[in-house]
Amino acid sequence: MRQTCIFSGSSHPALVEAICGRLGQKMSNVTLGNFSNGETRVEIQTSVRDQDVFIVQSGSGQINDNIMELLIMIQACKGGSAKSITAVMPYFPYSRQSKKKTHRGAITARMLANLMYVAGVNHLITIDLHASQMQGFFKCPVDNLVAEPLLSKWLRMNIPDWQDAVAVSKNPGGTKRVTSMADALNISFGIVTTDRRRTNGMLSMQGSAIFESMGTDGTNDRAALEGDAEEAEARIISNAGFREHNFAQQQRQQHAPRTNGEMEGLHHRPSSRHRAVTSGLSPTVRTRLNTLNGNGESPASPSPLSRSTRPESVGTEGSISEDVARLGLLRTQTAPGIEQPPHDYDGYEEAEGEDDGDDRARDVITGRLIHGHIVEDDFPSPSLSVRSGSIQGGIEQRESRSSEDEPLPDPMMQSFMSTTSSRMQAPQHGLGGTGDATASDEEEEEALKDPYIESTVTLVGNVKDRPVLIVDDIIDKPGSWIAAAETVVKRGGATKVYCMATHGLFGGNSLQELDMCEEIEAIVVTDAFPIPEEKRRQTKKLIVLDVSGLLAEAIRRNHHGESISQLYQHFD
Amino acid sequence: MATNSIKLLTGNSHGQLAKLVSDRLGIELAKVMVLQYSNNESSISIGESVRDEDVFIIQSTEPGNINDHIMELLILINACRTASARRITAVLPNFPYARQDKKDKSRAPITAKLMANMLQTAGCNHVITMDLHASQIQGFFNVPVDNLYAEPSTLRWIRENLKVKDCVIVSPDAGGAKRATSIADGLDLNFALIHKERARPNEVSRMVLVGDVRGKIAIIVDDMADTCGTLVKAAEVVMEHGASECIAIVTHGILSGNACEKLNGSQLKKLVVTNTVPHEEKKKLCDRIETIDISPTLAEACRRTHNGESVSFLFKHAPLD
């Protein structure tokens, strides 16, 4: 291309090499380095007067240095009388900080957009912005390319049974991204949502007297009951046909976690009736399900206390309704926004036993998540174990933290707080996910790591015996991916899990943790964000797709003034 | 009702200086959490309300992670701006990228201008800095810039620690002559100048001394000591010309690279720096470094700015400790 210069920042020279290779052009010469005091030093070595300048800079471990370098390069080209300056940022740094998350939080992405503007950028090319609304932060045109066609192509080439696959979003915020992919490939989709809940928060919501008795029952009956829940679920799920996703389903996905939360206290209540229902299952099924059970707790270690109190709970009034809650088969027939009182479930329950014809409830599966891993339904909740005084391996240390230690939000305050702080309670949107594309991943990760927080994970959609694609834009920390993978495999019965994302940031030793997760078959990312060679060597599951073609074409078309809309279409 | 009171914030760069300033002002530092995402993006949360307050943000930079500190500062400013602070003053004891202030080569970036634009874009209303490498940088801003001087503190240090009559002030380069003459005038002393021919940044070539240093204590003054190549070479030159001893007083002791080793092997008896840049670690490596505390000047500038008093008093006078 005539009258163009392509400069590479220091973050991702390999990608720029590939782009230049495709464009048949040499990378323009620039000297990058540091002054001895650490200030970034840029020297543009070729004339840029009246040229179209493209500066390619992604992120890396030294992200702030990369940003300064890019800004200085833009400034230098501007000062060198370039005709136009296009920043090509395959990964847009700080894109996760695109709204005020906390009080007085900074909207760093907008600030970065402004900084680039004052440095003198005329155009921006990027891939899969975390929230596409961010294009509005810029005063200059933004081409937000999509890597979805690339990921889809890989899928069709490399997964033989891709037509059976289910695209799953690991949080409601990413639903739009997933439905778009599902629609493009004409496959089904599902959602995994995590309902964050501090176990102590439960205390304020439940009557303490009820709670005490539940604590005893719940922990004690674990040994006898392990596996039952899964059996029952598996039985019902297997009958359930998957239905086309529709508006109603999206509503339910919003609604289910909330009602779950209400019923959560009842999950631990065992029941004799439930055993009666499931005892007819063949032993082989039982064994198989047992092996699928959570890794949190060994079923072979019943607490000595457990047997003694068990009979007391048998046949008690109300166990019927608790059964349902325990199974996690929640039905939501009301419109979203109307809270269903827990009593309603009693009424449904009678029908549930005989009537398997209503398939709406079956698409929703719940599980419990403690410390980022799926646990059995009767795994003692952290605060339960404190109350009931049972001593389980790996739980004792939690006792030191009593419920009183923690500053609990006043129950009266909660609605007030939730309007201002997403940390207290995630905002709920009327529709599935377009509103909150930047759902606080970091906070979610923190919650997953915190052993004192128990989450309820809800899977919407049928993934039984199908491969699952968990799709999002960024893979950074592994917690939510592993939790989602375990959910779809252990709870939903999926065959394989593929984690797909555009940007593989892989913070910390995320890649190793993902590699160790048995449920995950492969991790598919693009090289928009540089993945160092030594990280790539750590795992065999990682597949890196090349985006240089996409970027090169966008650059070429921009230079020649051609439309880039074809780059958004899927190709074969 | 919240009155328009003063809030002092700081990033990760120089907690010690911020503490000194806050003690001097008699206020607590505002609670700020500065974290890094796993991919090294900085994340800020400000722990108390700044609505309608007069916010001062102190951020220095030190070699190694200058850009992180700059981003931190910008995010802090932006967070306060979006949190409805009435006025945001960035206190930058040493202005980063101050040396890249002109297009000295084809296509060289004017990064100092970029810094100025960035600070304003982030939402900064006022800048307080100290001993700018070139005062013209003030003109890069469309907001007020108070360029404080460490000179009054320096003069006091010389008076308190040296026999003034035996001294001579030496400027290590022609650019610093103005600073040297100003100090020499303040002390009523003679001054000398070293002319150097610089090939590349941070590399020093031939040096010529103009003036008489024989039998005197030569005080080399400069605005910053980076790799210390200039200072060490200048010290050799003045000693060759018969100075009895040689010390250096600089405002910004950046001391990057192997500056400490260079100092240890040099003819410089002392290097006196202000605490605009954190250098506690460097002091352990080199016992010739002494510190002048300029936090009273910064604190006084903050106080005067907040109360709408004149700052120009500080250009000539150092507040008493």
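Residues numbered from 1 in each chain as written. Chains lettered and ligands numbered in written order. Predicted model: local features only at pLDDT ≥ 70, side-chain atom pairs only at ≥ 80, totals over all residues. Heavy atoms only, no water.

As recorded in an unreviewed UniProt entry, chain B goes by ribose-phosphate diphosphokinase and comes from Elasticomyces elasticus. Note on chain B: under the UniProt heading Pathway (unreviewed entry), the record states "Metabolic intermediate biosynthesis; 5-phospho-alpha-D-ribose 1-diphosphate biosynthesis; 5-phospho-alpha-D-ribose 1-diphosphate from D-ribose 5-phosphate (route I): step 1/1." (UniProt positions renumbered as here; feature names shortened; annotations may be inferred.)

Within chain A one finds 23 helices and 16 strands. Taking all 572 residues of chain A together, the buried fraction comes to 58%. In chain A, 75% of the contacts between residues at least 6 apart in sequence involve partners at least 24 apart. Counting every atom, chain A has about 21,800 Å² of accessible surface; 50% of that belongs to carbon and sulfur. (Helix = DSSP H or I, 4+ residues; strand = E, 2+ residues; numbered from the N terminus. Buried < 20%, exposed > 50% of the residue type's maximum accessible area, 1.4 Å probe, protein only. Contact = heavy atoms within 4.5 Å. Areas by Shrake-Rupley, 256 points an atom, 1.4 Å probe, with all protein chains shown as cover.)

Residue and element names in this part refer to chain A. Evaluation of the coordinates by the stated rule reveals 5 aromatic pairs over all chains. Between Phe92 and Phe138, the aromatic rings sit 5.5 Å apart at their centres with planes inclined by 75°, giving edge-to-face as the arrangement. Here Phe92, found in the loop between β5 (84-89) and α3 (108-119), pairs with Phe138, found in the loop between β6 (123-127) and β7 (142-145); they are 46 residues apart in sequence, far enough to count as distant. Residue classification places Phe92 among the buried residues on the basis of a relative accessible area of 2%. Note on Phe138: relative accessible area 10%, which makes it buried. Positioned above the aromatic ring of Tyr117, the side-chain terminus of Lys139 is 4.6 Å from the ring centre. (Phe/Tyr/Trp six-rings, centres within 6.5 Å; stacked < 30°, edge-to-face > 60°. Lys NZ or Arg CZ within 6 Å of the ring centre and 35° of its normal.)

Further remarks concern the pattern of salt bridges. Going through the model one piece at a time under the given rule, you end up with 25 salt bridges over all chains. For A:Glu486, the salt bridge is made with A:Lys490, and the minimal N-O distance between the two is 3.8 Å. Taken together, the residues span about one helical turn, with A:Glu486 and A:Lys490 both in helix α20 (residues 479-491) at a distance of 4 residues. The same class applies to A:Glu486 as to A:Lys490, namely buried. Taking the shortest distance from any N to any O, the salt bridge between B:Arg303 and B:Glu300 comes out at 2.9 Å. Residue B:Arg303 and its partner B:Glu300 are both found in helix α9 (residues 295-307); the two are separated by 3 residues, about one turn of the helix. Put simply, A:Lys170, A:Arg177, A:Asp472 and A:Asp473 are held in one network by salt bridges that share partners. (Salt bridge = Lys/Arg side-chain N within 4 Å of Asp/Glu carboxyl O.)

Residue and element names in this part refer to chain B. Spatially, β1-β4-β5-β6-β7 is the arrangement adopted by the 5 strands of the open sheet, whose pairing is parallel. The open sheet terminates on both sides in strands that have one partner only, identified here as β1 (6-10) and β7 (145-148). Between one strand axis and the next, the sheet turns by 20° as a mean value, whatever way the strands run. Lying over the sheet, α9 contacts β1, β4 (54-58), β5 (87-92), β6 (126-130) and β7, oriented at roughly 155° with respect to β6. (Pairing = 2+ DSSP bridges. Axes fitted to C-alpha atoms, helices over the stretch in contact; angles between N-to-C directions.)

Glancing now at the sheet that holds strand β9 (residues 191-196) of chain B. All names here are of chain B. Spatially, 7 strands are ordered β10-β9-β8-β11-β12-β13-β14 in an open sheet, and the strand pairing comes out mixed. If you trace the sheet from one side to the other, it starts and ends with β10 (207-210) and β14 (289-292), each paired once. For this sheet, the mean angle separating the axes of adjacent strands, direction not counted, is 25°. As paired strands, β9 and β10 are joined by 4 bridges and run antiparallel to one another. Looking across to β10, one finds that Leu193 is bridged to Val210. The sheet strands contacting helix α5 (residues 177-187) are β8 (167-171), β9 and β11 (217-225), and the helix crosses β8 at an angle near 165°.

Our focus in this paragraph is the interface of chain B and chain A. On the side of chain A, 54 residues touch chain B, which itself brings 54 residues to the contact. Summed over both sides, the interface of chain B with chain A buries roughly 4,200 Å², with 54% coming from carbon and sulfur. The largest per-residue losses of area from chain B upon contact with chain A belong to B:Tyr37, B:Glu41 and B:Arg107, which jointly make up 18% of the total buried on that side. The interface formed by chain B and chain A holds 1 salt bridge in total. In this assembly, chain B and chain A are joined by 19 residue pairs in polar contact (both at pLDDT 80 or more). At 10 residues, the largest contribution of residues to the side of chain B that touches chain A is made by helix α2 (residues 66-82) of chain B. In the side of chain B that touches chain A, the residues fall into 23 nonpolar, 22 polar and 9 charged. (Buried area = accessible area lost by both parts, 1.4 Å probe. Polar contact = N/O pair within 3.5 Å; in protein donor to acceptor, adjacent residues only side chain to side chain. Nonpolar A, V, L, I, M, F, W, Y, C, P; charged D, E, K, R; others polar.)

Turning to the environment of B:Thr154, a few remarks are in order. Residues and elements named next belong to chain B. Within the secondary structure layout, Thr154 lies in helix α4 (residues 151-161). Here the alpha-carbon distance between Thr154 and Ala318, two residues 164 residues apart in the chain, equals 9.0 Å. For Thr154, the residues in contact, after removing those within four places along its chain, are Ile183, Ile249 and Ile292.

The next subject is the packing of helix α1 (residues 15-25) of chain B against α9(B). Residues and elements named next belong to chain B. Where α1 meets α9, the closest approach of the two axes is 9 Å, and the angle between their N-to-C directions is 55°. One element, α1, and the other, α9, form an angle in the oblique class. Considering the relative orientation of α1 and α9, their crossing is right-handed. Each of Leu17, Leu20, Val21, Arg24 and Leu25 in α1 lies in contact with α9, whose residues at this interface are Ser295, Pro296, Leu298, Ala299, Cys302 and Arg303. (Parallel < 35°, antiparallel > 145°, perpendicular 65-115°, else oblique. Left-handed = near helix turned anticlockwise from the far one by under 90°.)

The biggest cluster of nonpolar side chains holds 79 residues, and the ones touching the most others in it are A:Phe7, A:Met116 and B:Leu119. In terms of residue count, α2(B) provides more of this core than any other element does, 10 residues in total. Residues in contact with B:Leu119, not counting those within four places in the same chain, are B:Leu73, B:Leu74, B:Ile77, B:Leu92, B:Phe95, B:Cys124 and B:Phe141. Judged by nonpolar contacts, the second largest core, of 32 residues, contains A:Val463, A:Cys499, A:Phe506 and A:Ile531. (Core = buried A, V, L, I, M, F, W, Y, C linked by side-chain atoms within 4.5 Å.)

Residue and element names in this part refer to chain A. In this model, α3 (12 residues) spans 16 Å end to end at C-alpha, consistent with the 16 Å of a helix rising 1.5 Å per residue. When you tally the buried positions in α3, you get 9 out of 12 residues, the bulk of the element. Those residues of α3 not exposed but buried are Thr108, Ala109, Met111, Leu112, Ala113, Asn114, Leu115, Met116 and Ala119. Positive backbone phi, approximately 115°, marks Gly120, located one or two places after α3. (Expected span 1.5 Å × (residues − 1).)

Residues and elements named next belong to chain A. In terms of residue burial, strand β13 (residues 468-475) counts as a mostly covered element, since 8 of its 8 residues are buried. Note that strand β8 (residues 166-169) and β13 share 3 bridges and pair parallel. The residue of β13 that forms the bridge with Val166 is Val468. Assessed by its sense of winding, the connection that carries the chain from β13 through α20 to strand β14 (residues 497-504) is right-handed. (Right-handed = clockwise from strand over helix to strand, strands pointing away.)

This part takes up unusual backbone geometry. Keep in mind that most residues, glycine aside, have a negative phi and that most peptide bonds are trans. Residue and element names in this part refer to chain B. Backbone geometry places Ser84, a non-glycine residue, at a positive phi of 65°. With respect to the helices, strands and loops of the structure, Ser84 is situated in the loop between α2 and β5. Owing to a relative accessible area of 30%, Ser84 belongs among the partly exposed residues under this scheme. In this model, Tyr97 sits at a positive phi of 60°, which is unusual for a non-glycine residue. Of note, Tyr97 is situated in the loop between β5 and α3 (111-122).

This brings us to the side chain of B:Asp146. Residue and element names in this part refer to chain B. Mapped onto the secondary structure, Asp146 falls in strand β7. Buried Asp146, no salt bridge; nearest opposite-charge side chain is Arg87, N-O distance 7.9 Å. Among the polar contacts listed, one links the side chain of Asp146 to the side chain of His126, at a separation of 2.8 Å. Once residues lying within four places of it in the same chain are set aside, the contact partners of Asp146 are His126, Val127, Ile128, Thr129, Thr305 and Val311. (Lys, Arg positive; Asp, Glu negative; His and termini not counted.)

Residue and element names in this part refer to chain B. One can describe the packing of α4 onto α5 by two numbers: an axis separation of 11 Å at closest approach and a directional angle of 50°. One finds that α4 runs oblique with respect to α5. As for the relative orientation of α4 and α5, their crossing is right-handed in sense. Each of Glu151, Thr154, Leu155, Ile158 and Arg159 in α4 lies in contact with α5, whose residues at this interface are Ser182, Ile183, Gly186 and Leu187.

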